Amino acid sequence: MNNSNENYQQTQEFDYFIEFIENRNIIPLEIKNKKEYYSDIRNIENSFTGIMKNDAPFIENSFILEASQLIINAIRLFELGYFDAAFYSLRQSIEISTTMAYLSDISEENRKKQVTAWEKQKWFPPQSKMLKMLKKNGEHYKDIKNKMSEFFDEMKNVSDKINKFVHKQGKYHFYTNIDRNTLIVSYLEKFECFLKKCISIIAIMRLTVDPFPILLMDKEIYNRTFKMITIPYTTAFAKKYIGNDYINQYKTTEVYKGYYNYFMKEEKRNYPTNEVVQNECIDTSKIDEILSQEHLLNQNEKIAVKIVKEYPTICTVYFNKHGFPYYITEVKSKNESGLNSSETIKKFHASEEKFNQNFNGAFASVFHFDDNYICLEHNEKLNKKDTIIIKKIIKDNLLSSSF
């Protein structure tokens, strides 16, 4: 019994000891603006590129997500009190955004080799060499660096300062030498300063891939482009993390001007037509205005708009077996279950009864022509004449479409 008590006491003491040594120099801190930073980072996460490279399509998007995650990790690590790890994560975010720019901007032949080397963890150039090679041979980077030299000087300066924390140069960066009051004032200020700088660096390095996060902010361009995977930076984000001076400098680059001039030659869509193309929203009161630019709509858009023109009480037009893309109107559905899954749409397509299927208070009607599947969500039942008219709309637009 005595041995058991003694063992228990020793175990308890050892547990206390472990807790003590693991936490004795760790000082957690709160970053009050954390939610704001997380919201800002969404701008980068949403800036996916849709520019396809033949050998490794959209690999840049993996780097966009990773750079964003590293910023989030840095915030979390800092709040937990692991300061050197937090600064290291910030430095990694700069390095990963550099790798993104490098793999995006080298020649197609070299890109294929470098992507393979990176994927298989073979020799791959460090950040300094990547920047030198980009400065010499990068098609976009070289021009951007010349037009925005101050930014790249600033990026190097930030990296060098973060390295002081990562490499623990000076006792000031030792856990065993941290004064709590100094930490709260100095470390917190420095971390947030570097955090903002790193978000800025990632946001601008993203622009070496293509200009769409900035380009699509311009409504003159947005109303001329096809629907893209890229969501433009918000005005507030661009102002906060890039600034008007850098934005204006970037707009003088060849990559920006090239895309800008290309899209400005396209016909500008009016607002309701653009809502159909960009947001899959059909304003039933603006159908004639939309159809005045019918030539700017693709096959699915034409079919959806023309069906809604005949039956303005339709709520949603779903395409393909899985129900995507889908086009909504302002008509509120009696279906109270909310957004519908692809599995639900598939069940409607598989049903023997194609028209007026119960849809949780609303109705679903399915139309099939060759390999084209269309499902309508509507509040009022369709009669036989309605289905004949809708079939004709679908068939006529499938046969006449140039898309």
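Scroll up for the structure.
On a predicted model such as this, the values are computed, not experimentally measured, just so you know.

Each helix and strand counted, the chain has 19 helices and 6 strands in total. Its C-alpha atoms give the chain a radius of gyration of 28 Å, clearly above 22 Å, the size a compact globule of 403 residues would have. Seen along its three principal axes, the alpha-carbon backbone of the chain occupies a region of about 85 × 75 × 40 Å. Scored against the burial criterion, the 403 residues of the chain give a buried share of 46%. Intrachain contacts of the chain at a sequence separation of at least 6 include 65% that bridge at least 24 residues. Carbon and sulfur atoms form 51% of the exposed surface of the chain, whose accessible area is close to 21,900 Å².

Time to look at the sheet that holds strand β4 (residues 357-359). Taking strand neighbours across the sheet as the criterion, the 6 strands line up as β1-β3-β2-β6-β5-β4 in an open arrangement whose pairing is mixed. The sheet is open, and its two borders are formed by β1 (281-282) and β4, each paired with just one other strand.

This paragraph deals with helix α14 (residues 254-264). Among the residues making up α14, those that are buried are V255, Y256 and F263. Each buried residue of α14 lies within a common arc of 100 degrees when the element is viewed along its axis, so the set occupies one face. Those residues of α14 hidden inside the fold are in contact with α7 (139-147), α10 (212-215), α11 (219-222) and α13 (243-250).

Membership of the largest hydrophobic core comes to 73 residues, with the highest contact counts inside it found for L90 and F191. Tallying contributions element by element places helix α9 (residues 180-205) first for this core, with 12 residues. When neighbours within four sequence positions are excluded, F191 is seen to be in contact with I31, A74, I75, F78, A86, F87 and L90. Membership of the second largest hydrophobic core comes to 25 residues, among which are I290, L291, V308 and I314.

As enumerated under the stated definition, the model contains 1 cavity of 30 Å³ or more in all. As a volume, the largest cavity reaches approximately 50 Å³. Taken together, F83, D84, F87, F165, K168, H173, Y175, I178 and Y187 make up the lining of the largest cavity. A per-element tally of the lining of the largest cavity places helix α4 (residues 83-105) first, with 3 residues. Looking at side-chain class alone, the lining of the largest cavity contains 6 nonpolar, 1 polar and 2 charged residues.

A few words on the pairing of strand β5 (residues 362-369). Among the 8 residues that make up β5, 6 are buried, leaving the element largely enclosed by the rest of the structure. Summarising the sheet, β4 and β5 pair through 3 bridges and their orientation is antiparallel. Residue pairing in the sheet places N358 in a bridge with F363 of β5. From the end of β4 to the start of β5, which pair antiparallel, there are 2 residues, and N360 there has a positive phi angle of about 55 degrees. As defined by bridge partners, β5 adjoins strand β6 (residues 372-378) across 7 bridges and the pair is classed as antiparallel. Across the sheet, F363 pairs through a bridge with H378, a residue of β6. Linkage of β5 to β6, two consecutive antiparallel strands, is achieved through a turn of 2 residues, within which D370 is found at a positive phi near 55 degrees.

This next bit is on the pairing of strand β2 (residues 314-319). Among the 6 residues that make up β2, 6 are buried, leaving the element largely enclosed by the rest of the structure. Where β2 and β6 come together, 5 bridges link them in antiparallel fashion. Paired with I314 across the two strands is H378, which belongs to β6. Bridging between β2 and strand β3 (residues 326-329) involves 3 bridges; their strand directions are antiparallel. Following the sheet pairing, Y318 is matched in β3 by Y326. Following β2, the chain reverses through 6 residues before pairing antiparallel with β3; N320 in that reversal takes a positive phi of roughly 70 degrees.

Calculation notes
Residues numbered from 1 in each chain as written. Predicted model: local features only at pLDDT ≥ 70, side-chain atom pairs only at ≥ 80, totals over all residues. Heavy atoms only, no water. Helix = DSSP H or I, 4+ residues; strand = E, 2+ residues; numbered from the N terminus. Rg over C-alpha atoms; globule rule 2.2 N^0.38 Å. Buried < 20%, exposed > 50% of the residue type's maximum accessible area, 1.4 Å probe, protein only. Contact = heavy atoms within 4.5 Å. Areas by Shrake-Rupley, 256 points an atom, 1.4 Å probe, with all protein chains shown as cover. Pairing = 2+ DSSP bridges. Arc of directions from axis to C-beta. Core = buried A, V, L, I, M, F, W, Y, C linked by side-chain atoms within 4.5 Å. 1 Å grid on protein atoms, 1.4 Å probe; cavity = no way out; pocket = protein on both sides within 12 Å on 5 of 7 lines; lining within 4 Å. Points joined across faces, edges and corners; volume = space filled by probe spheres on them. Nonpolar A, V, L, I, M, F, W, Y, C, P; charged D, E, K, R; others polar.

Limitation: the analysis is restricted to geometry and does not speak to function.
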